[in-house]
Structure formats: C-alpha cells, structure tokens
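Examining the three-dimensional arrangement
Each chain is listed here by its residues.
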Amino acid sequence: DLAAPIWRTPLVSGREVNGVAIGSDGTIYCGADTNLVFAVDPSFGMVKWIANLDAAAARPVLGQSGLFVVSERGTVYSINPTNGFVNWQKNLMMSDYFPTAPVVASNGCLYVQNENDVLCCLSQADGTLIWFCNCLSYLPHVAQAHRRPRKAGLIFNPPNPSITSSGDVIVVGDDAVYCVGGFPNAPLDESAPWPKWQRDLSNTGSMAGR
C-alpha cells in the first residue's frame, strides 16, 4: 500500500526549504532560501512563527539557549524557539556562503563552517567570536584552491561539521577531512534538543529516547 502524508504545509514557492531540527515538544524548525526561518506545529502543520534573516537560511540546530542558524551572508543568529524573537546576531564579516548547520558543544561554544572550510567558534551566549581556523590554507595546493561548486536538488547535502567525544571538531572540506582541536571535555551537547544536523553523532535524526 502507498503511504500518504498526515499533513502538508507549503512554506515557500519555487525555493528550497532547509532543515529540519525538532524541539523537545515536537516543534519543527527549518530555514528557507527566502531568508526565513519557520517553526511548525507537529500535530497539524500550522506555522507557529516566522523569523526574518538578512539572507537565505541554512539548516538550524537547537541548543539549550536558543535556535541557531547561519545566513548566506555569514550572519549567525540565536533565535528564541518559543516566539521567533532574535536573541542576538553576529556577522562574521566573511563573503563566503555558509551552507552547513552549526554544531552545539557542551561548554557553551558554537561551531559554524563556511563553504571555503573556515571553521568559526563562537559563544552561544552572545555570539562573541572566540577563534577561527582556515582549514583550506593547510592544503598543499592552496594557491590553486577554489570553492566547491554548488549544486541544487534534494540529493545534494553540504557536509556538516561534527564533534568527537574528546571535543575536537571534524570538518569535511574541498578534498580533505580535517580534525580541528576544540576544547577538552567539551563534546556534542547531548542535553540540547537538536545540537547538530541529524541530531546526534549517529545521525539518527530521531528524538526517540529523549
């Protein structure tokens, strides 16, 4: 037998929807290429709130202090997941696209990666930039390095950073994988509802057992 959707909620017309992250109460959060972030009720698909960003919104994640999402212009947002109000926003002053989901660490740090494999570490509390690592510059052919070509369609998912059990950050790059030294004993925040793309280190995309 063919399965049928329980409900369907159109969010954008002719553009892409990016996500999702799911809150402890089941609320569904997703970004869109129309510069919007949506919170959707899981029971009937009703839109609970809409937040406006300065550019297209990548995949959101949900930490203990807010919903975190990065815009195409490199602005990181902390959004109140209850009402959609912006807690803070921080522009990283980079011209590169940020297509990946952030990663929430257990020590209050937030990691974001742009398309040129620059990894930034920020404070979840106020967006203060703590440090950044230009991973691409460590490749031997950096002089000839160029951006990954962007592709469209459901089959294309930009690589998203992750955190090891020891607190180091794994970044998948142009033609390499990098391990960037993070903070000792600061792994993925397992207490956060949805701390990374696909929620956990096993990429289950499930709230089961939470």
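See above for the structure.
Anyway, here's the lowdown on the structure attached to this text.

About the cut-offs
Residues numbered from 1 in each chain as written. Predicted model: local features only at pLDDT ≥ 70, side-chain atom pairs only at ≥ 80, totals over all residues. Heavy atoms only, no water. Pairing = 2+ DSSP bridges. Helix = DSSP H or I, 4+ residues; strand = E, 2+ residues; numbered from the N terminus. Phe/Tyr/Trp six-rings, centres within 6.5 Å; stacked < 30°, edge-to-face > 60°. Buried < 20%, exposed > 50% of the residue type's maximum accessible area, 1.4 Å probe, protein only. Salt bridge = Lys/Arg side-chain N within 4 Å of Asp/Glu carboxyl O. Axes fitted to C-alpha atoms, helices over the stretch in contact; angles between N-to-C directions.

Regarding the pairing of strand 1 (residues 17-22)
As defined by bridge partners, strand 1 adjoins strand 2 (residues 28-32) across 5 bridges and the pair is classed as antiparallel. Its bridge partner lying in strand 2, Asn-18 is registered against Gly-31. In this antiparallel pair of consecutive strands, strand 1 and strand 2, the connection spans 5 residues, and Gly-26 shows a positive phi of 95°.

A look at the packing of aromatic side chains
Per the stated rule, a full pass over the model turns up 3 aromatic pairs. On the numbers, 6.0 Å between centres and 40° between planes, the contact of Tyr-29 with Trp-49 is tilted. Highlighted residues: Tyr-29 in strand 2 and Trp-49 in strand 4 (residues 47-52), separated in sequence by 20 residues. The two residues Tyr-29 and Trp-49 agree in class, both being buried. Summarising the aromatic geometry, the rings of Phe-68 and Trp-88 are spaced 6.2 Å apart at their centres and angled 45° between planes, so their arrangement reads as tilted.

A look at the pattern of salt bridges
Pairs can form between side chains of opposite charge once their charged atoms are near each other. Under the definition given, this model contains 2 salt bridges. Notably, a salt bridge pairs Asp-25 with Lys-48, separated by 4.0 Å at the nearest N-O pair. Of this pair, Asp-25 sits in the loop between strand 1 and strand 2 while Lys-48 sits in strand 4, and the two are 23 residues apart along the sequence. Overall, Asp-25 belongs to the exposed group, its relative accessible area being 53%. The salt bridge partner of Arg-199 is Asp-200, with a shortest N-O separation of 2.8 Å. Look at Asp-200 and you get buried, because its relative accessible area is 10%.

Quick look at the sheet that holds strand 9 (residues 103-104)
Pairing within the open sheet is antiparallel, and its 4 strands lie in the order 9-10-11-12. Strands at the two margins of the open sheet, each flanked by one partner only, are strand 9 and strand 12 (129-134).

Overview of the sheet that holds strand 1
Reading across the sheet, the 4 strands line up as 1-2-3-4 and stay open at both edges, with antiparallel pairing between neighbours. One side of each edge strand has no neighbouring strand; the edge strands of this open sheet are strand 1 and strand 4. Strand-to-strand twist of the sheet, defined as the mean angle between neighbouring strand axes without regard to direction, takes the value 20°.

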